[in-house]
Structure formats: C-alpha cells, structure tokens
Amino acid sequence: VYEQLNGNIQWQMFCGIFLGPEKLVDFKVISRIRTELAKKLNIREIQDVLAKSWKPYLEQTNIVLEDATCYESYMRFPTIVQLLWECVDWMHGQMKITFKRLKIPTPRTKYLEQKEKHFAYMRMRKKPWKLTTKRTRSLLYLLEKLIYEQKKIEDQHRMLRFPKKYHHRRRVIEKVLKQQKEMFETGTHSVPDRIVSIAKSYVRPIVRGKEVKKVEFGAKVNMIQVDGINFIEHLSFDAFNEGPRLIDSIWYSRSLFGKITHISADDIYASNANRKWCTEHKIATNFKRKGRAGKYEDQRQILAAELRKERATRMEGSFGTEKQHYSLDKIKARIEKNEILWIFFGVHT
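Rules of the game
- Within every chain, residues take consecutive numbers counted from 1 along the sequence as written.
- It should be noted that, the model being predicted, local features are given only for residues of pLDDT at least 70 and side-chain atom pairs only at 80 or more, the latter also being counted only at that level, while totals for whole chains, interfaces and linings use all residues.
- Side-chain metrics in this entry use all non-hydrogen atoms of the structure; hydrogen atoms and water are not considered.
- Only DSSP runs of H or I with at least four residues qualify as helices, and only runs of E with at least two residues qualify as strands; both kinds are numbered from the N terminus onward.
- Both definitions apply: the radius of gyration is a C-alpha atom measure, and the globule rule equals 2.2 Å times residues to the power 0.38.
- Note on contacts: a residue pair is in contact if any heavy atoms of the two residues lie within 4.5 Å.
- Where accessible areas are quoted, they stem from the Shrake-Rupley method and a 1.4 Å probe; at the residue level, only the protein chains shown are allowed to cover.
- Centres within 6.5 Å make a pair out of two Phe, Tyr or Trp rings, where for Trp the six-membered ring is used; the pair is then stacked when the planes are under 30 degrees apart, edge-to-face when over 60, and tilted otherwise.
- The buried label applies to any residue whose accessible area, calculated with a 1.4 Å probe on protein chains only, is under 20% of its type's maximum; exposed applies above 50%, and partly exposed to all values in between.
- We count a charge as sitting over a ring when the NZ of a lysine or the CZ of an arginine lies within 6 Å of the ring centre and within 35 degrees of the ring normal.
- Angular values range over 0 to 180 degrees, each being the angle between N-to-C directions of two axes fitted as lines to C-alpha atoms, with helices fitted over their stretch in contact.
- Roughly parallel here means an angle under 35 degrees, roughly antiparallel means over 145, roughly perpendicular means 65 to 115, and every remaining angle is called oblique.
- Rotating anticlockwise by less than a right angle from the far helix to the near helix defines a left-handed crossing, while the corresponding clockwise rotation defines a right-handed one.
- Take the buried residues of types Ala, Val, Leu, Ile, Met, Phe, Trp, Tyr and Cys, join any two whose side-chain atoms come within 4.5 Å, and each joined set is a nonpolar core.
- At least two DSSP bridges between two strands are required for those strands to pair.
- Look down the strands so they point away from you; if the path from the first strand over the helix to the second goes clockwise, the crossover is right-handed.

A few words on the overall build of the protein chain. For the protein chain, the count of helices and strands is twelve helices and six strands. For 349 residues, the compact-globule estimate of 2.2 N^0.38 gives 20 Å, and the C-alpha radius of gyration of the protein chain, at 26 Å, exceeds that figure by more than 25%. Reported as C-alpha extents along the three principal axes, the dimensions of the protein chain are approximately 85 × 65 × 40 Å. By sequence separation, contacts in the protein chain at least 24 residues apart represent 65% of the contacts at least 6 residues apart. Accessible area for the protein chain stands at about 21,600 Å²; split by element, carbon and sulfur atoms hold 55% of it.

This brings us to the packing of aromatic side chains. Enumeration over the complete set of coordinates arrives at ten aromatic pairs. A ring pair is formed by W85 and Y111, whose centres lie 5.5 Å apart and whose planes are at 10 degrees; its orientation type is stacked. Of this pair, W85 sits in helix α5 (residues 80-102) while Y111 sits in helix α6 (residues 111-123); the two residues are 26 residues apart in sequence, bridging distant segments of the chain. For the residue pair W85 and Y111, the accessibility class agrees, reading buried in each case. With centroids separated by 6.3 Å and ring planes inclined at 65 degrees, the aromatic side chains of W85 and F119 adopt a geometry described as edge-to-face. Separated by 34 residues along the polypeptide, W85 in helix α5 and F119 in helix α6 bring together distant segments of the chain. Overall, the relative accessible area of 6% leaves W85 in the buried class. For F119, a relative accessible area of 37% translates into the label partly exposed. Taken together, W54, F231 and F257 form an aromatic cluster joined through their ring pairs. We note R254 situated over the ring of W251; from NZ or CZ to the ring centre the distance is 5.0 Å. The lysine or arginine in question, K323, covers the ring of Y71, its NZ or CZ lying 5.5 Å from the ring centre.

Despite not being glycine, D227 has its phi angle at roughly 50 degrees, a positive value. Position of D227 relative to the elements: it lies in the loop between β3 (215-226) and β4 (229-236). Using a relative accessible area of 22% as the deciding quantity, one classes D227 as partly exposed. A positive phi angle, near 55 degrees, is found at K282, a position not held by glycine. The topology assignment puts K282 in the loop between α10 (272-280) and β6 (284-285).

What follows is about the packing of helix α7 (residues 129-156) against helix α8 (residues 164-186). Interaxial distance between α7 and α8 falls to 11 Å at its minimum, and their mutual angle equals 140 degrees. The angle between the axes of α7 and α8 places the two elements in the oblique class. In this structure, α7 meets α8 at a crossing whose hand is left-handed. On the side of α7, the interface is formed by T133, T136, R137, L140, L143, E144, I147, Q150, K151 and E154, while α8 contributes Y166, R170, I173, E174, L177, Q180, K181 and F184.

Formed by 28 residues in total, the largest nonpolar core has its most connected members in V88, M91, L143, I173, V176 and I198. Contributing elements (two or more residues each) for this core: α5, α6, α7 and α8. Setting aside residues no more than four positions away along its own chain, I173 makes contact with C87, W90, M91, L143, I147 and I198. L41, V196, F319 and L328 belong to the second largest nonpolar core, which has 26 residues in total.

Along a regular strand, successive side chains alternate from one face of the sheet to the other. Of the two faces of strand β5 (residues 262-265), both are covered, the one formed by H262 and S264 as well as the one formed by I263 and A265. Relative to β5, strand β1 (residues 63-72) runs parallel, the two being bridged by four bridges. Counterpart to E66 in the pairing with β5 is A265. Bridge count for β5 against β6 is two bridges, and the pairing is parallel. Of the residues in β6, the one forming a bridge with H262 is A284. Taken together, β5, α10 and β6 constitute a β-α-β crossover, and its handedness is right-handed.

Geometric descriptors of this kind do not, in isolation, establish any biological role.
Below you can see the structure in the form of structure tokens.
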C-alpha cells in the first residue's frame, strides 16, 4: 500500500490526496492509521449506517441467511514444546538484560544445555511420545526457575522500571506455566482459556470438527446475510455455540431492515427453542420437520429446499471469497483490535 500510494495517482485520488512530486517518507503511516481506526471501531454503529445507506438498493430484505465461520490468525501451529521454549527463551533474554543493567553476574541455568536439546528435538522428523514428555518436563522446570530468579532480583531492586509490554508478557508467561503444569500433572489436553501463543495471548483454540482442520485458531464470527451482503452479528476469539444466537440474529436483522419472514440456517441452529420462537413469530425456516406433516407440507419442503440451497451456495461462497480475495485467509495483524478491524474491512469490502 505504501509503494502504491507513492507511485499510483489512482490510489491517491481514491484516498482523497495528491502528493505530486512529493513522496511519503514514513513507511509506518499505514500501520498507524490502521491502529487508530481499530481503537475507534464500533461494528454495530457502522453497520447501522451501512444498512441504512444500502437498504434502498436491496430487494429481499425480509430473507436472512445465517452461518458461523472462523477467520484464522497468522501464527504457527501451537505445540506444547514450542510454546514452552518460546517462554523460556523470552524469560532468559529478559533476565540477561536485567542483570546487565544491574552490572551483576547472571545466575547459572540449564538454558544452553536445554537449547541444544530443543534444537535436536525439533530436527527430528518423528518425535516419540516419551521424548516429548521428557522435553515438556524439562522446559517446565527451567521456566519455573527463570521466573523465580527474575522475581527475586526484581524484589531486591525495587527501583527497576519495566515497560507495560514487559509486564503484560510476564503475566501471559506465568499463566502459560500454570496451565501447562496443570495439564502435564493431570494428563489432560485442555484447560479453560488456554493460551496457545505468547505473542497473541487473546487467540483460543476453536474446535470446528472439519475433516481437514479439526481445530482453528482465530476469531469466530456469527454472520447474517441479507440479499447477498454479510453483516457481523457476533465476533469473539473465544469459542461459542452459535445455535442459541438465532433469535438475537433475527432481532438484529429487524433493527437493520425491518420485518423478517424467512430465515435459513445450519442444523446447529435448529433447537426446539429456536423452532418454537420462529413458529410463534410466523418466520419460515429451512429446518427439517419434526412430528406430523402439516396441510401444506409439499410447499414447505420446496421453500425449505430453496432456502437451504441459497445458504449453502451464496453464503458459504461469500466466506470463500472473503478468505481467498480479501486477505481473510490468514490475518497478519499483530494485536487484537487490529485483527477485528481487518476482519471488518475484509467482510464489507
């Protein structure tokens, strides 16, 4: 974008500027603009304005399609050994900086020995379960010792001042140590609010149950579509069940476009509570019938098939388009708010 703004007059006109013979010198200006926008982003308010502007051009505003998808973050696949090694490496680096500032000898640790063992382990094509357990145990012990030594020197020298990023990363690493120790001692593979990356501590594993990707790491979004345009109904980096959100989605669609008469959603939304609510409010759905067939069962089946086909092709296709052509396949933003902004622009572009 930076190079295009400097060399492409069409891009300058689109952005409402004309540089002429001058050039942008600060290459970080795009990143700063994105960060500033991310701090001020309010998805609901902006979508209200967009819906109001687009409503005169939309035809079937009474039909809503609904589905959930996951927009993955750009990050390595989180293995336990690699996550612990990143924590150990960061803590050791901070400890060396702290002791160098104080001009006192750095305490002896097994860091160099564990570094050689870690790289030897990572070079192995097949990693035996016993060796993985051994590496995990060693890294947990070393990380606990490094945190203890760092706390000890901080308590002895209260005049030391560290930036906010340091304290945030320290809290994240201490939480990782606590979670990994609990899983190692109990033999479990999950823990509440599990951290999978120290750089992106807000990302959580989301089990999707797909054949290719059973677990995804990123933001989960419950989306509604009206006449081909997607709107974000709910976005969270924590895993959530999208089924109970059907009623909220209909109310939100009503606030944007008025009366809703038809809705098409996946089978996970077809709970008894949602079926009953839709029946009471005279909203036709594509859910499979329960119980005895009604008087107009043939017409209902035709309508349900059309709604199901529309959701499966149009809405699923829009997710693929966003991920393949609008940079939502792997989101490369580095902080949570910027990642949400990236998703928002990718969806509405």
